[in-house]
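# Chain and residue survey
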Amino acid sequence: MTNYGLVVPTYQPILDAGRTAPELVGVAVLAEELGLDSVWVGDTLARAPLDALAALAAFAARTSRVTLGTAALLPALRNPLLTANQLLSLDLLSAGRLTVAVGAGFAGRSEPEFAFAGVPWERRRARLDDIVALWRAVWSGESSFQGAVLHHDSLPVFPAPTRPGGPPVWLAAYTPGALERVGRLYDGWLPYPPDPADYGSGLARIRALSSRPVTPALFATVLVEDDADRGQALLEEYCRRNYGRPAAFVQGIQLQVSGSASEVAAQLRKYEGVEHFLLRIASTDPKVFDEQLPRVAEVVDLLRDQP
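## A closer look at unusual backbone geometry
- Cis rather than trans, the peptide bond between Ala71 and Ala72 has omega equal to -5 degrees.
- Structurally, Ala72 is set in strand β3 (residues 67-73).
- Positive phi, close to 60 degrees, is recorded for Ala95, a residue that is not glycine.
- Examined against the element boundaries, Ala95 turns out to sit in the loop between α4 (80-93) and β4 (98-102).

Structure (structure tokens):
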């Protein structure tokens, strides 16, 4: 069965535009009421967002069914053991509804965030893999950990997680090395390639190399707009506000789709093998976002009716 989730915007631009933090919790509640399967938040130090784990804790208190996820967490910016405890706490508070997508940062954009946190940019991928392995070690009750970057001769004792080994951890990345690491070390894959063929070849590579079950997911930025010119103008505005780059540049890196509900659904159907779609609305304007949310739910209904 394919699942569909909403990425709730928690970054500075939508807060500056007038959205309040309690209203963002209301967005998560509404997403559940509209029948979506999950709600997700991003993570960055670049634009003073709401803290991802604090936001998910608030979502957990107000929802009962949806999966709660990070898309994607940057674990290197946090103390790994304290984060293991925070994630375990979220797992228990939400009765096992947590999924943690993680990333190692984006070259050319994330270096200042690592500098803010006092973490070396070098060996960031090995550090990420070690952090995830360390989380699993403490969630499994192990007494020590020796990784490529991190070393702990003793570990704290935590309560048992909802499921053995703790919540699932996905890798948000699309490089040849990432495809190999997903199959060995992670429970899911969360890329956003603009070309469906790249998604298909990446998924085939993961399955060929995988030694564990992997959930194939897809991060898609969408705008449901019947007027093609207005849709493109809104995407342009979103890219410049969110990334400081024109839409043509951003769309060469990540999947962005605009059009009518049926057109957006048709574009997403081209990505074969996806088991969990994460849909991000391409707007930092609260009014536009609120108009878009029921239209995105319409796209989800179309995808469910005709996978």
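Moving on from the model shown.
## Notes on the packing of helix α7 (residues 176-185) against helix α8 (residues 196-209)
- Taken N-terminus to C-terminus, the directions of α7 and α8 make an angle of 45 degrees; their axes are 8 Å apart at the nearest point. In terms of their interaxial angle, α7 and α8 are classed as oblique. Along this stretch, α7 crosses α8, giving a crossing that reads as right-handed. On α8, the residues that touch Leu179, Glu180, Val182 and Gly183 of α7 are Gly202, Arg205, Ile206 and Leu209.

## Some thoughts on the packing of aromatic side chains
- Across all of its chains, the model carries eight aromatic pairs by this definition.
- With a centroid separation of 5.4 Å and an interplanar angle of 35 degrees, the aromatic rings of Trp40 and Trp170 are classed as tilted. A residue pair is termed long-range when its members are at least 10 positions apart, and Trp40 in strand β2 (residues 38-41) and Trp170 in strand β7 (residues 169-171) qualify at 130 residues.
- For Trp170, a relative accessible area of 4% corresponds to the buried category.
- Ring centres of Phe114 and Trp121 lie 4.9 Å apart, and the angle between their planes is 85 degrees; this geometry places the pair in the edge-to-face category. There is no split in this pair, since Phe114 and Trp121 are both buried.
- Taken together, the ring pairs in this structure connect Tyr174, Trp189, Tyr199 and Tyr271 into an aromatic cluster.
- In this arrangement the basic side chain of Arg245 is found over the ring face of Phe249, its NZ or CZ atom lying 4.3 Å from the centre.

Conventions and cut-offs
- Residues numbered from 1 in each chain as written.
- Predicted model: local features only at pLDDT ≥ 70, side-chain atom pairs only at ≥ 80, totals over all residues.
- Heavy atoms only, no water.
- Helix = DSSP H or I, 4+ residues; strand = E, 2+ residues; numbered from the N terminus.
- Axes fitted to C-alpha atoms, helices over the stretch in contact; angles between N-to-C directions.
- Parallel < 35°, antiparallel > 145°, perpendicular 65-115°, else oblique.
- Left-handed = near helix turned anticlockwise from the far one by under 90°.
- Contact = heavy atoms within 4.5 Å.
- Phe/Tyr/Trp six-rings, centres within 6.5 Å; stacked < 30°, edge-to-face > 60°.
- Buried < 20%, exposed > 50% of the residue type's maximum accessible area, 1.4 Å probe, protein only.
- Lys NZ or Arg CZ within 6 Å of the ring centre and 35° of its normal.

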